Amino acid sequence: MDPREVREKYDAFAPSYDWAEGFLELLFGIKRMRRGLLRSARGKVLEVGVGTGNSLPGYSPDCVVTGVDISRGMMQQARKRNGRVGVAARWAQMDTHSLGFANGVFDTVVDTLCLCTYSEPVRALKEMARVCRPDGRVLLLEHGRSGRGTLARVQDKWAEWHESALGCVWNREPQDYVAQAGLKLTSARRKVFGVFHVIEARPT
Ligand SMILES: C[S@@+](CC[C@H](N)C(=O)[O-])C[C@H]1O[C@@H](n2cnc3c(N)ncnc32)[C@H](O)[C@@H]1O
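Residues numbered from 1 in each chain as written. Predicted model: local features only at pLDDT ≥ 70, side-chain atom pairs only at ≥ 80, totals over all residues. Heavy atoms only, no water.

Bringing the nonpolar core into the picture now. With 26 residues, the main nonpolar core has Leu46, Leu99, Phe101, Leu125, Met128 and Leu183 as its most contacted residues. For this core, the secondary structure elements donating two or more residues are β1 (44-48), β4 (106-112), α4 (121-131), β5 (132-143), α6 (174-180) and β7 (196-202). Looking at this core, the element that brings in the most residues is α4, giving six residues. Leave out the neighbours within four places in its chain, and Leu125 touches Leu115, Leu140, Tyr177, Val178, Ala181 and Leu183. (Core = buried A, V, L, I, M, F, W, Y, C linked by side-chain atoms within 4.5 Å. Buried < 20%, exposed > 50% of the residue type's maximum accessible area, 1.4 Å probe, protein only. Helix = DSSP H or I, 4+ residues; strand = E, 2+ residues; numbered from the N terminus. Contact = heavy atoms within 4.5 Å.)

Rendered as structure tokens:
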């Protein structure tokens, strides 16, 4: 789906996102996966597709976070949440496909549950790698096509409908995109019937 359409969808979705996503966080244990992933976040952090700021509570106090998102509505919710969480943060409305930062300026780049919404996921990952220090970390929590045949076939069957409803392509293969973008995988775990991926990678 075109990024402009995605932006409109998420602007409309912003007020109810936490309610819907909160249910999935509980059902699939996403909160625990976030916590595990974010333990590796250090220093200057860029979080792309920061959304309503669900990951903010997972950062250690020494992280300084730049949160970017294509949807102003989602980011407004993140700013509100950060009033309670208190992470050192700044915000910018930006498309992950073309990040407005110089090369190698972040120690850590984080993306949670966004690869499914990018029109060009490999390009987005290349951008994440570009702005990350060569010895930094790219941390991803993504969902994709299940490793179990029956569930994967259900996802395939309903993929078009799901994308048109939510702007989310739920039968992608995140690890393939990481490889195609030229990132070096340092750790990858699959959870919940192989649907969720907790990935740590190096930019080069
Ligand atoms: C499923 S939500 C995930 C939000 C948050 N990361 C989380 O884990 O709850 C996807 C987010 O990606 C953002 N997004 C989608 N396409 C984008 C793009 N091209 N550039 C930046 N943000 C984008 C959406 O606006 C939305 O906030």
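Counting across every chain of the model gives six aromatic pairs. Ring centres of Tyr10 and Phe13 lie 5.9 Å apart, and the angle between their planes is 45 degrees; this geometry places the pair in the tilted category. Remark: Phe13 and Tyr10 occur in helix α1 (residues 3-28); sequence separation between them is three residues, near one turn of the helix. We note Lys44 situated over the ring of Phe106; from NZ or CZ to the ring centre the distance is 5.6 Å. (Phe/Tyr/Trp six-rings, centres within 6.5 Å; stacked < 30°, edge-to-face > 60°. Lys NZ or Arg CZ within 6 Å of the ring centre and 35° of its normal.)

What follows covers the packing of α1 against helix α2 (residues 30-38). In the contact formed by α1 and α2, the axes pass within 6 Å of each other and the chain directions differ by 80 degrees. Classified by the angle between their axes, α1 and α2 sit roughly perpendicular to one another. Of the residues in α2, those in contact with Glu21, Leu24, Glu25 and Phe28 of α1 are Ile30, Lys31, Met33 and Arg34. Partitioned by chemical class, the residues of the contact of α1 with α2 number four nonpolar, no polar and four charged. (Axes fitted to C-alpha atoms, helices over the stretch in contact; angles between N-to-C directions. Parallel < 35°, antiparallel > 145°, perpendicular 65-115°, else oblique. Nonpolar A, V, L, I, M, F, W, Y, C, P; charged D, E, K, R; others polar.)

Phi is positive for Leu113, which is not a glycine, with a value near 60 degrees. Judged by its relative accessible area of 14%, Leu113 is buried. One non-glycine residue, Val192, adopts positive backbone phi at about 50 degrees. Mapping Val192 onto the fold places it in the loop between β6 (184-191) and β7.

As a matter of local geometry, the ligand sits amid 21 residues, with Arg34, Gly49, Asp69, Asp95 and Thr112 nearest to it. Within the contact set of the ligand, a nitrogen atom lies 3.5 Å away from a side-chain nitrogen or oxygen of His97. Contact with the protein chains removes 97% of the 590 Å² of surface that the ligand exposes when unbound. Of all the elements, α1 adds the most residues to the shell around the ligand, at three residues. (Near = heavy atom within 4 Å. Polar contact = N/O pair within 3.5 Å; in protein donor to acceptor, adjacent residues only side chain to side chain. Areas by Shrake-Rupley, 256 points an atom, 1.4 Å probe, with all protein chains shown as cover.)

For the rest of this paragraph, the subject is the side chain of Asn54. Structurally, Asn54 can be placed in the loop between β1 and β2 (64-69). Polar side-chain contacts of Asn54 include one of 3.1 Å to the side chain of Glu21. Among the polar contacts listed, one links the side chain of Asn54 to the side chain of Arg81, at a separation of 3.1 Å. In this structure, Asn54 is in contact with Tyr17, Asp18, Glu21, Glu25, Arg34 and Arg81, ignoring residues within four places of it in sequence.

This part is about the sheet that holds β6. The sheet built from seven strands is open, its strands ordered β3-β2-β1-β4-β5-β7-β6 with mixed pairing. The sheet is open, and its two edges are formed by β3 (88-93) and β6, each paired on a single side. The mean inter-strand angle of the sheet, taken between neighbouring strand axes irrespective of direction, is 15 degrees. One ladder, built from six bridges, connects β5 with β7; its direction is antiparallel. The residue of β7 that forms the bridge with Leu141 is Val198. Sheet strands touched by helix α3 (residues 72-85): β2 and β3. Its angle to β3, the strand with the most contacts, is close to 170 degrees. Sheet strands in contact with α4 are β1, β4 and β5, and its direction is about 145 degrees off that of β5. (Pairing = 2+ DSSP bridges.)

Enumeration according to the criterion identifies zero disulfides in this entry. There is no disulfide at Cys63, and the cysteine sulfur nearest it, in Cys132, is 13 Å away. For Cys63, a relative accessible area of 1% puts it in the buried group. (Disulfide = S-S within 2.5 Å.)

Read these as geometric descriptors, not functional statements.
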